[in-house]
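# Fold and contact review
Below, each chain spelled out in residue letters.
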Amino acid sequence: QVQLVESGGGLVQPGGSLRLSCAASGFTFSKSAMNWYRQAPGKERELVAAITSVGGIGGSTSYADSVKGRFTISRDNAKDTVSLQMNSLKPEDTAVYYCYTWNGRDYWGQGTQVTVST
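Figured I'd write up the structure that's included with this text.

Rules used throughout
- Residues numbered from 1 in each chain as written.
- Predicted model: local features only at pLDDT ≥ 70, side-chain atom pairs only at ≥ 80, totals over all residues.
- Heavy atoms only, no water.
- Helix = DSSP H or I, 4+ residues; strand = E, 2+ residues; numbered from the N terminus.
- Rg over C-alpha atoms; globule rule 2.2 N^0.38 Å.
- Buried < 20%, exposed > 50% of the residue type's maximum accessible area, 1.4 Å probe, protein only.
- Contact = heavy atoms within 4.5 Å.
- Areas by Shrake-Rupley, 256 points an atom, 1.4 Å probe, with all protein chains shown as cover.
- Lys, Arg positive; Asp, Glu negative; His and termini not counted.
- Charge placed at Lys NZ, Arg CZ, Asp CG, Glu CD.
- Pairing = 2+ DSSP bridges.
- Axes fitted to C-alpha atoms, helices over the stretch in contact; angles between N-to-C directions.
- Phe/Tyr/Trp six-rings, centres within 6.5 Å; stacked < 30°, edge-to-face > 60°.
- Lys NZ or Arg CZ within 6 Å of the ring centre and 35° of its normal.

So, about the overall build of the chain. In terms of helices and strands, the chain carries 0 helices and 11 strands. N-terminal to C-terminal, the α/β element order of the chain is β-β-β-β-β-β-β-β-β-β-β. On C-alpha atoms alone, the chain measures out to a radius of gyration of 14 Å, which is about the 13 Å that the 2.2 N^0.38 rule sets for 118 residues. Considered along the principal axes of its C-alpha atoms, the chain spans approximately 40 × 25 × 25 Å. Residue burial in the chain is summarised as follows: out of 118 residues, 42% are buried. Restricting to contacts in the chain with at least 6 residues of sequence separation, those with at least 24 account for 52%. About 6200 Å² of surface is accessible on the chain, with carbon and sulfur atoms providing 48% of the total. Here the chain holds 11 positive side-chain charges and 9 negative ones, and the gap between their average locations is 3 Å.

If you want it as C-alpha cells, here you go:
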C-alpha cells in the first residue's frame, strides 16, 4: 500500500534552515508528481511546493509565493524520496508539513511539525 513518511521537522530560530524528507513506498515513485503542503493552527492546508514526475516535464517545480526564493523541493528517484529545503525561515512558516501524492486517490503522510521561534 502507498505510504508516505515525513521526517526532519523541529524547532528553529528565525532565519534558520531545516530540511524535510518524505520516504515513499507502495507505488511507482518516479512516475508520480509529489507535493508538500502545510497547515498552521486555525488555517486551511495550503500547497507549499510541487515537483512533477520524471515522465512529466522533467521534474519541474513550482512554489507558493510566500516561500519562493527560500524553499527548494527536490526528488531522488533512486531512493524514492522527496525533500524540502527550507532556508531563511520565518515565524509564519510554523505549521505541520505534509507530503502528498495522488495515486488513484489522495495520499498524505502523517505530517511533521516545524516551529520557527526564538
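This part takes up the sheet that holds strand E1 (residues 3-7). An order of E1-E3-E8-E7 is seen for the 4 strands of this open sheet, with the pairing classed as antiparallel. Here the strands that pair on one side only, and so sit at the sheet edges, are E1 and strand E7 (71-76). Strand-to-strand, the axes of this sheet are offset by a mean angle of 15°, without reference to chain direction. As paired strands, E7 and strand E8 (residues 81-86) are joined by 6 bridges and run antiparallel to one another. Paired with Asp76 across the bridge in E8 is Thr81.

The full count for this structure, using the stated rule, is 5 aromatic pairs. Ring plane angle 75° and centroid distance 5.6 Å describe the contact between Tyr37 and Tyr100, whose orientation is recorded as edge-to-face. Pair noted here: Tyr37 is in strand E4 (residues 34-39) and Tyr100 is in strand E9 (residues 95-102), with a separation of 63 residues, a long-range link. Across this residue pair, the class does not change: Tyr37 and Tyr100 are buried. Ring pairing ties together the aromatic residues Tyr37, Tyr98, Tyr100 and Trp108, which thus form one cluster. A cation over an aromatic ring shows up here: Arg45 above the ring of Tyr98, its NZ or CZ 3.8 Å from the ring centre.

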